[in-house]
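# Coordinate inspection notes
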Amino acid sequence: MRNVGIVGVGYCPRFVSKRTDVCIPEMVSEAVEAAFADCGLGPEDIDAVIFGNMHPFEGVNMPHLWAVEHMRALGKPVMRIATGGTTGMTAFHAAYYHIVSGLHDVVMVVTFEKHSEGDAQVGLLGIITPEAMAMMMAGIDLTGAGGMGAQGGGSAGAITYQAVSWMHKSGATIDHIDAIAAMERRNAARNPYAHLKDPEATPEKIAKTPMISYPVRFGHVCPTTDGATVCILASEERAAKIADKVAWVWGVASCASDPTTGNLIEGLITDPAEQRQCVIAAQEAYKRAGIEDPKKEIDYVEIYNGFAHQTLMYLELVGMCEVGEAHKLLEKGELEISGRLPVNASGGVVSTNAIGTSALNRVTECALQIMGKAGERQVEKEVHKALAHGWGGLMQYVSITILADKPKKL
Amino acid sequence: MEETRIVHGYWELSTFNFNIEARGINLMLEGFKEKKLKGIKCHQCGMVYLPGPFYCRKCHVNIDEPVEISDHGTVRTYTVQYADIRGEPMPEPRVSAMVQFDGCDSWVMGVVQCDPKDIHVGMRVKIKWKEQTVGNMQDMEAFVPE
Ligand SMILES: [Zn+2]
């Protein structure tokens, strides 16, 4: 084993609904150039490239080949990753494995999504093919009253069952979901790379948005965003020469559950809020990072929250607080940028969702907080260790990355 | 700013043909004809699945013990749907739930015929069967309060 650190981060200039001024490879190129500018490296310094996006969203089967020159990968090994929402973090983990193995020293992660060129609903339906298969094998009618038609609102549909179950267990109410959504929209307003920003967002304002499927309102749901993110990782030896500020990787872990809406680690369709795979991945990441008490040791958290309630639910599941405690931390203002446990200072996925980038952005936002380079969204407390969470697959895959401001003692 | 040119494309998705294991569905649908829920029990861990897989996902062993399950159960989670899959308003709000039937470990999704104000976690429901059941999914008309 050897230490691996993040030395450079690059975003395309803006994350918005429609980038009609650039095509996919051009948007990728913008983020690559930004990452090179951030760390002073060039194409000749990169040993290998990991590429991540979810092809059903644009209907482009091999965008990494289309974009190979634009991501400066000619003559280099290129590996493509697609794990749903977690794509960006799985790509990051792949880059980490490339370096920690000793096979490569400097590896670049390139991720994008350009939702405006495709159809997000069709993309989501493509992704849920294995879930649809599992549901049919379980005899669940996909189109009639008993099936996904009953879940309502596409991806928001399955999540509603999760939100109600979580509220029942935690004692939180829909008011808390309105409040966390408002906090993230306000945070997004400080982030130049966020999509939905509202410096004046209040729970009351969110509560006025239309109800899609109880308890999920329009104001609780992520947008579809065009955007690209690049992250450059290096071995300890090389990182020291490249950058003054490095965010070091202390622990990575992922865990899959069964391909259905429910929690199937136990082998059957049950509680979609249980998300055992998140608990397992977090525990494994803490073990690898040598973290005994995450509540005391982790200073900052980025949660993958396609839907607003997930910020609170996953804070509990990764062990940053007890079940039933997250909404109380929110009430006390502890999750704010100025708070004791700041979460999603970036505005989270609920404010910006270019899917291929979304789980990587959780990692890069933690890295920027550790490096002190988060600008207006820099949290008030010092960040020594941070946790990035990615949620994806269908609903059943979770990835965790733990970063720190110092190399790990090996 | 000069815009890129747009080229239209589409995927013909209707030509994929996937094989699935259907024994569990067939057992359940056979049961529907007699207005009964038939699942599969694992002889090793005792887990009762509805509809039954013929492989216990927990124990990784083949299972084949049919078991009859009550058509009364408990709402474990629910939603009230106001918009359809494209975000258009529904003519009427639709209540649906994940229900755990008595003696079964799986949760089953379906529409609940009740006032949206009444639905809650823990609510007792039963299956409202069609008068004439023929062995398809439509036999199970809805879940209704007990
Ligand atoms: Zn078993």
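See the structure shown above.
Residues numbered from 1 in each chain as written. Chains lettered and ligands numbered in written order. Predicted model: local features only at pLDDT ≥ 70, side-chain atom pairs only at ≥ 80, totals over all residues. Heavy atoms only, no water.

### Things to note about empty space enclosed by the protein
Residues and elements named next belong to chain A. Scanning the entire structure with this criterion turns up 2 cavities of 30 Å³ or more. The volume enclosed by the largest cavity comes to roughly 80 Å³. Lining the largest cavity are Y11, N191, Y193, S346, G348, T352, N361, R362 and E365. Residue contributions to the lining of the largest cavity peak at 3 residues, all from helix α15 (residues 355-371). Split into classes, the residues belonging to the lining of the largest cavity amount to 2 nonpolar, 5 polar and 2 charged. Within this model, the second largest cavity holds a volume of roughly 40 Å³. (1 Å grid on protein atoms, 1.4 Å probe; cavity = no way out; pocket = protein on both sides within 12 Å on 5 of 7 lines; lining within 4 Å. Points joined across faces, edges and corners; volume = space filled by probe spheres on them. Helix = DSSP H or I, 4+ residues; strand = E, 2+ residues; numbered from the N terminus. Nonpolar A, V, L, I, M, F, W, Y, C, P; charged D, E, K, R; others polar.)

### Observations regarding the nonpolar core
I6, I232, L335 and I402 of chain A are the most contacted members of the largest nonpolar core, which has 134 residues in total. Of all the elements, α15 of chain A adds the most residues to this core, at 9 residues. Not counting residues up to four positions away in its chain, the partners in contact with I402 of chain A are W248, V249, W250, G251, A285, Y286, A289, I291, I298, A386 and L387 of chain A. Ranked by size, the runner-up nonpolar core spans 29 residues in total, among them F32, I69, C114 and V125 of chain B. (Core = buried A, V, L, I, M, F, W, Y, C linked by side-chain atoms within 4.5 Å. Buried < 20%, exposed > 50% of the residue type's maximum accessible area, 1.4 Å probe, protein only. Contact = heavy atoms within 4.5 Å.)

### Observations concerning the coordination of the zinc ion
Residue and element names in this part refer to chain B. Taken together, the protein ligands of the zinc ion are C42 (SG), C45 (SG), C56 (SG) and C59 (SG), with distances of 2.2 to 2.3 Å. For the zinc ion, the 4 donor atoms in the first shell make angles of 103 to 117 degrees at the metal, a pattern classed as tetrahedral. Overall, C42 belongs to the buried group, its relative accessible area being 1%. (Donors = N, O, S within 2.8 Å, 3.2 Å for Na, K, Ca; no water. Tetrahedral: all angles 85-135°; square planar, octahedral: opposite > 155°, others 65-115°.)

### Section: the packing of aromatic side chains
To describe a pair of aromatic rings, one takes the distance between the centres and the angle between the planes. Per the counting criterion, the structure on display carries 9 aromatic pairs over all chains. Arranged with centres 6.5 Å apart and planes meeting at 45 degrees, the rings of Y314 of chain A and W391 of chain A form a pair that is tilted. You can see Y314 of chain A sitting in helix α12 (residues 309-317) and its partner W391 of chain A sitting in strand β10 (residues 385-392), a full 77 residues away along the chain. Here Y314 of chain A matches W391 of chain A in class, with each residue buried. Between F32 of chain B and W129 of chain B, the ring centres sit 5.2 Å apart and the planes meet at 70 degrees, which makes this aromatic pair edge-to-face. A residue pair is termed long-range when its members are at least 10 positions apart, and F32 of chain B in helix α1 (residues 23-33) and W129 of chain B in strand β9 (residues 124-129) qualify at 97 residues. An aromatic cluster of three or more residues is present, and its members are Y11, F15 and Y193 of chain A. Geometry around F54 of chain B places R23 of chain B over its ring, the cationic atom sitting 4.1 Å from the centre. (Phe/Tyr/Trp six-rings, centres within 6.5 Å; stacked < 30°, edge-to-face > 60°. Lys NZ or Arg CZ within 6 Å of the ring centre and 35° of its normal.)

### A few points about the environment of I402 of chain A
Among the secondary structure elements, I402 of chain A is positioned in strand β11 (residues 397-404). C-alpha separation for the pair I402 of chain A and V301 of chain A, spaced 101 residues apart in sequence, amounts to 9.4 Å.

### Re the sheet that holds strand β7 (residues 226-235) of chain A
Residues and elements named next belong to chain A. Here 9 strands make up an open sheet; going across it, the order is β3-β2-β4-β7-β1-β8-β11-β10-β9 and the pairing mixed. Each edge of the sheet is formed by a strand with only one pairing partner; in this case those strands are β3 (78-81) and β9 (300-302). The mean angle between the axes of side-by-side strands here comes to 25 degrees, regardless of whether they run parallel or antiparallel. Contacts between helix α1 (residues 24-39) and the sheet are confined to β1 (4-11), β4 (106-114) and β7, with β1 contributing the most and set at about 130 degrees to the helix. The strands that helix α10 (residues 276-289) touches are β8 (247-256), β10 and β11; relative to β8, the one it contacts most, it runs at about 145 degrees. (Pairing = 2+ DSSP bridges. Axes fitted to C-alpha atoms, helices over the stretch in contact; angles between N-to-C directions.)

This is a description of form; function is not addressed.
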